[in-house]
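# Observations on the model geometry
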Amino acid sequence: MFIDQLGKTILFFDGGMGTLLQEQGLKPGELPEEWNLTHREAVIQIHRSYVEAGSDILLTNTFGANALKFHSKEHTLEEVISAAVANAREGARLGSQGKRDVYIAFDIGPTGKLLKPLGDLEFERACEVFREAAMLGERAGADLIHIETMSDTYEVKAAVLAARESTSLPVMVTLIFDSHGKLLTGGDIPSVTALLEGLRVDAIGLNCGLGPKEMLPLLKELRQYTSLPIVIKPNAGLPVQRNGETCYDVTPEEFAGWMEQIVDNGACVIGGCCGTTPEHIRAMAERCRGRKILRPEKKNHTIVSSYGKAVIFREAPLIIGERINPTGKKKLKKALKDGQMDYILDEAAEQEDCGAHILDINVGLPGIDEPSMMMQVIQEVQGITNLPLQIDTVDEKAMEAAMRIYNGKPMVNSVNGKQASMDMVFPLIKKYGGVVVALTLDEKGIPQTAEGRADIAGWIIKEAEKYGIERKDIIIDVLTMAVSADPEGARITLDALRLVRERYHVHTVLGVSNISFGLPNRPLLNANFFTMAMQAGLSAGIINPASEMMMQAYRSFCALMHYDEDFTAYIDGYGERRLELTDQERISDLAVKGDSESKKICAATQPGEWQVQKKDVLLLLQHAIQKGLKEEAGRQTKECLRTKAPMDIISEGLVPALDTVGKGFENGTVFLPQLLMSAEAAKQAFAILKEILPQGEADNGQKPRIILATVKGDIHDIGKNIVKVLLENYGFAVIDLGKDVPPETIVETAVQEDVKLAGLSALMTTTVPSMEKTIRLLNEKKPDCKVMVGGAVLNQEYADSIHADFYGKDAMQSVYYAKELFGI
């Protein structure tokens with residue numbers, strides 16, 4: 001069986017399919033999946049040629065076979081998938097002559113859409129789409145499922161859950177990273193690894209986007225974090241144009257040499273993606289077959305993650321922000337009851353600015369629908385911050401709902417030593433993944449000794465093992481008791497911390513502020529106890545990061561223990577340079593460095609004391625936009641209108657804020673979700689200004705117009721839609737022609753509307769010829785219309801070869817080019 005060989009011996013995938021179908025006559029705009037029925041022999045022959053070249057695993061020709069992408073008047077999705085699996089099976093039979101096993105991997109590609117809140121695709125709808133395809137693939141006889149070319153952690157989570165919930169097949173996942181190790185939506189290798197290992201996939205890796213040379217350093221990083229078998233499927237280098245045809249610059253011999261290094265560095269399943277042919281696979285198999293592999297090794301990293309950030313528990317303690325919890329907070333209670341999301345988002349933004357690494361989310365309140373509210377708050381908060389979240393609830397429905405829709409691997413607070421609690425929580429951790437907080441209490445209550453609490457911790461760890469939950473995914477809370485009620489409470493807790501760390505080698509967490517309940521000057525006791533707990537081995541404190549005394553204790557401890565290298569955080573918080581920053585510099589820090597001490601733009605009066613500057617509402621508007629706070633942006637816009645003209649607010653408030661976020665995006669400190677949420681906040685502000693602006697100034701007819709389109713044959717419009725949002729926020733009027741747009745339609749629109757700039761997007765190698773044809777026609781019919789291009793299969797050299805005027809490596813580059821072209 002496939003699963004018995006995975007990770008124990010080297011296995012060879014096949015190579016590219018689309019380029020070979022083009023050689024066989026696949027036309028631009030024609031659905032490759034339909035060839036499973038209309039050109040069956042051609043597809044079988046391609047499969048056969050890969051097996052003869054040495055492939056052990058064949059991918060079915062189903063990359064776009066899902067209900068959102070596959071629209072055929074002639075054939076049903078079930079017919080296409082059944083034929084695809086049958087064709088692969090027949091190609092395997094003919095190629096192997098029955099002499100060796102060849103496995104059929106059902107290929108699942110992306111939907112081509114962004115999921116909410118960034119796009120318009122509901123998470124559960126994505127699950128439905130992937131579920132239907134996976135079930136049909138298994139029913140047709142596939143041996144495993146291969147989810148590939150994913151650029152969004154949320155979409156890949158939907159695909160994995162769908163495959164796991166609806167089939168019994170092994171699941172492998174490969175994603176498309178850029179050369180810096182980032183996904184389109186900001187995910188990095190540690191965060192993606194944490195998510196997928198939590199979802200219990202069988203192997204993970206990389207495919208597409210890069211050649212083998214460029215993938216090698218990413219493989220080395222992946223090997224540091226994952227305990228799973230690694231799959232690597234590079235392109236045959238970078239695309240180039242030769243004699244009017246798309247070619248790739250890595251020969252089969254060169255490819256094989258690089259793949260040998262890739263095996264030596266930890267990959268055990270290797271193959272090719274765009275541009276690779278049976279010749280590439282043959283050279284690779286001959287070079288690597290029989291080569292000793294590095295077997296997967298267990299890693300003990302405790303990692304929680306969001307869509308774009310991994311927080312790794314190490315020696316240095318972490319801060320979990322406690323402010324989004326209605327206990328004792330009247331304003332938050334009211335916000336939850338009234339559905340005032342901006343108040344909650346403001347609390348999240350403040351805690352991030354104050355230094356929190358993880359945010360606790362607790363919405364438990366009588367009279368509200370906790371599962372529904374928890375889901376809403378989780379999604380809204382993830383829209384404005386990339387910090388991982390802690391799902392804090394004892395409600396089973398709320399816990400599962402939140403874990404299901406959470407984008408990443410969350411902390412889950414909590415389980416305890418009661419059998420009923422473990423029976424409820426552990427199956428959810430096993431299914432969705434998470435780092436669970438374990439409270440040291442059981443049916444008898446909370447032990448009054450450190451030994452008793454440590455014993456319960458051991459019992460919880462042992463029970464978790466029955467579900468396959470490793471101790472790296474368990475964080476022990478030995479419980480903080482108020483010393484006003486139990487004078488020995490602090491000592492017992494500190495002793496229990498030490499004992500748990502020594503006995504079980506696990507990480508720990510505490511709700512620190514409980515210690516001072518019922519006593520005066522609580523911050524003083526809290527801060528001192530926090531320091532004592534960190535010294536006793538506390539891994540993470542659930543605290544209020546806006547409390548200056550708590551942060552002083554934290555920064556001082558980290559500085560003294562040499563966790564704060566070069567005293568960077570300490571000096572940044574209390575050094576002279578920080579005091580000299582202007583308001584505008586400090587607001588830039590918020591977006592570009594993520595390194596501020598306050599949610600507002602603050603000026604220091606003395607070390608550690610920050611006062612909100614309310615005199616300049618433009619700065620508050622900029623802050624709201626940079627943080628993606630839509631309602632707050634609307635309120636601050638109305639405040640600005642009391643003293644400033646609408647156009648001044650745009651030029652001095654909206655545009656500088658968007659520029660700051662854009663620079664952060666370019667620098668890799670702001671990621672796509674934050675970029676888009678900032679754009680939405682700016683749109684909210686502009687909608688208010690538009691009502692006041694004179695018609696001529698607000699009218700789109702006065703704005704430079706730009707055509708955007710995904711070229712003929714390509715139905716992936718994520719990149720195009722991102723560029724559209726940003727261009728509109730910078731004052732451009734976008735004519736969006738949609739996806740799968742014929743060259744003639746683009747040219748006709750450019751001529752009729754006298755447009756001076758067109759933006760073209762393509763994700764698939766099979767559709768790049770349509771892009772070239774569109775550019776050629778535009779040059780003939782509308783020579784004064786410049787063309788900018790973008791997409792995962794493009795690079796500068798290729799854009800030059802098809803005579804594009806500009807290549808944008810990301811959405812912001814397109815905005816900058818448009819501004820330069822129109823002199824804005």
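Residues numbered from 1 in each chain as written. Predicted model: local features only at pLDDT ≥ 70, side-chain atom pairs only at ≥ 80, totals over all residues. Heavy atoms only, no water.

## A few points about the overall build of the protein chain
Our working rule: Runs of E in the DSSP output that reach at least two residues are strands. Runs of H or I that reach at least four are helices, and both are numbered from the N terminus. Restricting the calculation to C-alpha atoms gives the radius of gyration, and the globule rule supplies 2.2 Å times the number of residues raised to the power 0.38. We call a residue buried when its accessible area falls under 20% of the maximum for its residue type, exposed when it is over 50%, and partly exposed in between, using a 1.4 Å probe and counting protein chains only. A contact between two residues is defined here by any heavy atoms of the two lying within 4.5 Å. In short, Shrake-Rupley with a 1.4 Å probe defines the accessible areas, and a residue's cover is counted only from the protein chains shown. Charge counting follows a simple rule: Lys and Arg are positive, Asp and Glu are negative, and His as well as the terminal groups are ignored. Charge positions come from single atoms, namely NZ of Lys, CZ of Arg, CG of Asp or CD of Glu.
Looking only at helices and strands, the protein chain has 33 helices and 27 strands in total. In terms of overall size, the protein chain behaves like a compact globule, its C-alpha atoms giving a radius of gyration of 28 Å where 824 residues would be expected to give roughly 28 Å. Along the three orthogonal principal directions, the C-alpha set of the protein chain runs to about 80 × 70 × 50 Å. Per-residue burial for the protein chain yields a buried fraction of 62% across its 824 residues. Across the protein chain, the fraction of contacts at a sequence separation of at least 24, relative to all contacts at a separation of at least 6, is 75%. Counting every atom, the protein chain has about 31,500 Å² of accessible surface; 50% of that belongs to carbon and sulfur. Distance between charge centroids for the protein chain: 2 Å, based on 90 positive and 114 negative side chains.

## A word on the packing of aromatic side chains
The cut-off we apply is this: Any two rings among Phe, Tyr and Trp, with Trp reduced to its six-membered ring, count as a pair given centres within 6.5 Å; such a pair is stacked if its planes are under 30 degrees apart, edge-to-face if over 60, and tilted if neither. The rule for a charge over a ring is simple: NZ of Lys or CZ of Arg within 6 Å of the ring centre, and within 35 degrees of the ring normal.
Under the definition given, this model contains 8 aromatic pairs. Between Phe426 and Tyr467, the ring centres sit 5.6 Å apart and the planes meet at 50°, which makes this aromatic pair tilted. Of this pair, Phe426 sits in helix 16 (residues 419–432) while Tyr467 is found in the loop between helix 17 (450–465) and strand 18 (474–477), placing the two residues 41 residues apart along the sequence. Given a relative accessible area of 0%, Phe426 falls into the buried group. Classification of Tyr467 as partly exposed rests on a relative accessible area of 22%. Sitting over the face of the ring of Phe13, Lys233 holds its NZ or CZ atom 4.7 Å from the ring centroid.

## Re empty space enclosed by the protein
The criterion, for reference: Cavities and pockets were defined on a 1 Å grid built over protein atoms only: a cavity is a set of grid points that admits a 1.4 Å probe from which the probe cannot escape, a pocket is an open set flanked by protein on both sides within 12 Å along at least five of seven lines, and lining residues are those with an atom within 4 Å of any such point. Grid points are joined across faces, edges and corners, and a volume is the space filled by probe spheres set on the points. Three classes are used, and their members are as follows: Ala, Val, Leu, Ile, Met, Phe, Trp, Tyr, Cys and Pro are nonpolar, Asp, Glu, Lys and Arg are charged, and the others, Gly among them, are polar. Where each domain starts and ends comes from a domain assignment, either automatic or drawn from a database.
With the rule as written, the count across this model stands at 5 cavities of 30 Å³ or more. In this structure, the largest cavity occupies an estimated 480 Å³ of space. In terms of lining residues, the largest cavity is bounded by 29 residues, among which Met17, Gly18, Phe63, Glu148 and Cys274 are the most central. Of all the secondary structure elements, the ones that give two or more residues to the lining of the largest cavity are helix 2 (18–23) and strand 4 (144–150). Taken together, the residues that form the lining of the largest cavity break down as 12 nonpolar, 12 polar and 5 charged. Split by domain, the lining of the largest cavity shows at least three residues from each of two domains, domain 1 (2–288) and domain 4 (699–822).

## Topic: the nonpolar core
Spelled out, the test is: What we call a nonpolar core is a set of buried Ala, Val, Leu, Ile, Met, Phe, Trp, Tyr and Cys residues that are connected through their side-chain atoms within 4.5 Å.
By size, the foremost hydrophobic cluster in this structure holds 222 residues, and its most contacted members are Ile147, Leu196, Ile270 and Leu727. Sequence-distant contacts of Ile270, defined by excluding residues within four places in its chain, comprise Ile10, Leu11, Phe12, Phe13, Ile232, Met259, Ile262, Val263, Met284 and Cys288. Ranked by size, the runner-up nonpolar core spans 27 residues in total, among them Ala709, Ala758, Val768 and Tyr798.

## Quick notes on the domain arrangement of the protein chain
For clarity, the cut-off: Accessible area that two parts lose when put together, evaluated with a 1.4 Å probe and summed over both, is termed the buried area. Should a side-chain nitrogen of Lys or Arg be within 4 Å of a carboxyl oxygen of Asp or Glu, the pair is scored as a salt bridge. Polar contact criterion, stated in full: a pair of N or O atoms within 3.5 Å, where within protein one must be able to donate a hydrogen and the other to accept it, and residues adjacent in sequence count only if both atoms are side-chain atoms.
The domains assigned to the protein chain are domain 1 (2–288), domain 2 (302–549), domain 3 (599–694) and domain 4 (699–822). For the pair domain 1 and domain 4, the two sides together bury roughly 1,900 Å², of which 63% comes from carbon and sulfur. The largest contributions to the domain 1 side of the interface with domain 4 come from Gly112, Pro239 and Gln241, which together make up 24% of the buried area. Linking domain 1 with domain 4 are 0 salt bridges, by the criterion used here. Along the contact surface separating domain 1 from domain 4 lie 0 residue pairs in polar contact (both at pLDDT 80 or more). If you list the elements that add at least two residues to the side of domain 1 that touches domain 4, you get helix 2, strand 8 (239–242) and strand 9 (245–248).

## Quick notes on helix 13 (residues 341–354)
Owing to its 3.6 residues per turn, the α-helix aligns residues three or four sequence positions apart on the same side. As a reminder of what qualifies: Any helix carries an expected span of 1.5 Å times its number of residues minus one.
A rise of 1.5 Å per residue sets the reference length of helix 13, with its 14 residues, at 20 Å; its end C-alpha atoms lie 20 Å apart and thus fit the reference within 8%. Of all 14 residues in helix 13, 13 are buried; the element is thus mostly enclosed. Where helix 13 terminates, the next one or two residues include Gly355, which has phi positive at roughly 115°.

## Re the environment of Glu155
Within the secondary structure, Glu155 sits in helix 7 (residues 153–166). Taking the C-alpha atoms as reference points, Glu155 and Leu115, 40 residues apart in sequence, are found 6.9 Å from one another. If we ignore the near neighbours within four places in the chain, the residues touching Glu155 are Pro110, Thr111, Gly112, Lys113, Leu115, Phe130 and Met150.

## A closer look at the sheet that holds strand 14 (residues 358–361)
The test is simple: A pair of strands is considered paired only if DSSP assigns at least 2 bridges between the two. Lines are fitted to the C-alpha atoms to define the axes, a helix being fitted only along its stretch in contact, and any angle between axes, read from their N-to-C directions, falls within 0 to 180 degrees.
Spatially, 8 strands are ordered 13-14-15-16-17-18-19-20 in a closed barrel, and the strand pairing comes out parallel. On average, adjacent strands in this sheet sit at an angle of 30° to one another, irrespective of strand direction. Here strand 19 (residues 507–511) pairs with strand 20 (residues 540–543) via 3 bridges, running parallel. The residue bridging Leu510 from the neighbouring strand is Gly541, located in strand 20. Here helix 18 (residues 489–504) sits on the sheet in contact with strand 18 and strand 19, set at roughly 160° to strand 19.

## Observations regarding the confidence of the model for the protein chain
Caution applies to low-pLDDT parts of the model: their predicted coordinates are not meant to be read in detail. Test applied: Residue-level confidence of the predictor is summarised by pLDDT, bounded by 0 at the bottom and 100 at the top.
For the protein chain, per-residue confidence averages 91 on the pLDDT scale, and 94% of positions sit at 70 or higher. Low confidence marks residues 579–615, where pLDDT is under 50. Its contacts with residues over four positions away, or in another chain, come to 90 contacts.

## With respect to a nonpolar patch on the surface
Let me state the cut-off plainly: Excluding any residue in a salt bridge, patches collect residues exceeding 30% relative accessible area, merging like charges within 9 Å and nonpolar Val, Leu, Ile, Met, Phe, Trp and Tyr side chains within 5 Å.
A contiguous nonpolar patch, built from Leu560, Met561 and Tyr563 and spanning about 300 Å² of accessible area, is present on the exposed surface. Its location among the elements puts Leu560 in helix 20 (residues 548–560). For Leu560, a relative accessible area of 73% gives the class exposed.

## Some details on the side chain of Gln382
Looking at the element boundaries, Gln382 is found in helix 14 (residues 370–384). Overall, Gln382 belongs to the buried group, its relative accessible area being 8%. When neighbours within four sequence positions are excluded, Gln382 is seen to be in contact with Ser306, Tyr307, Leu389, Tyr406 and Asn407.

## Some thoughts on the pairing of strand 4
The line we're drawing: By convention, a crossover is right-handed whenever its connection, traced from the first strand over the helix to the second and viewed with the strands pointing away, goes clockwise.
Counting buried positions along strand 4 gives 7 out of 7 residues, so the element sits mostly inside the fold. Across 4 bridges, the pairing between strand 3 (residues 103–108) and strand 4 is parallel. In the strand pairing of strand 4, Ala105 is matched with Leu144. In the classification by handedness, the crossover that spans strand 3, the intervening helix 6 (residues 123–140) and the parallel strand 4 is right-handed. Two strands pair when backbone bridges link them, and strand 4 and strand 5 (residues 171–175) are joined in this way by 4 bridges, in the parallel orientation. Opposite Ile145, over in strand 5, you have Val171 as the bridge partner. Between the parallel pair strand 4 and strand 5, the chain is carried across by helix 7, and the sense of this crossover is right-handed.

## Concerning the pattern of salt bridges
In this structure the tally under the stated criterion is 47 salt bridges. In this structure, Lys233 and Glu148 form a salt bridge, with 3.3 Å as the shortest nitrogen-oxygen distance. Residue Lys233 is found in strand 7 (residues 230–233), and its partner Glu148 is found in strand 4; the two are separated by 85 residues along the sequence. Residues Lys233 and Glu148 agree in their burial class; the two are buried. Close ionic contact of Lys819 with Asp659 constitutes a salt bridge, the shortest N to O distance being 3.8 Å. Taken together, the residues Lys819 in helix 33 (residues 811–822) and Asp659 in helix 26 (residues 646–667) connect sequence positions 160 residues apart.

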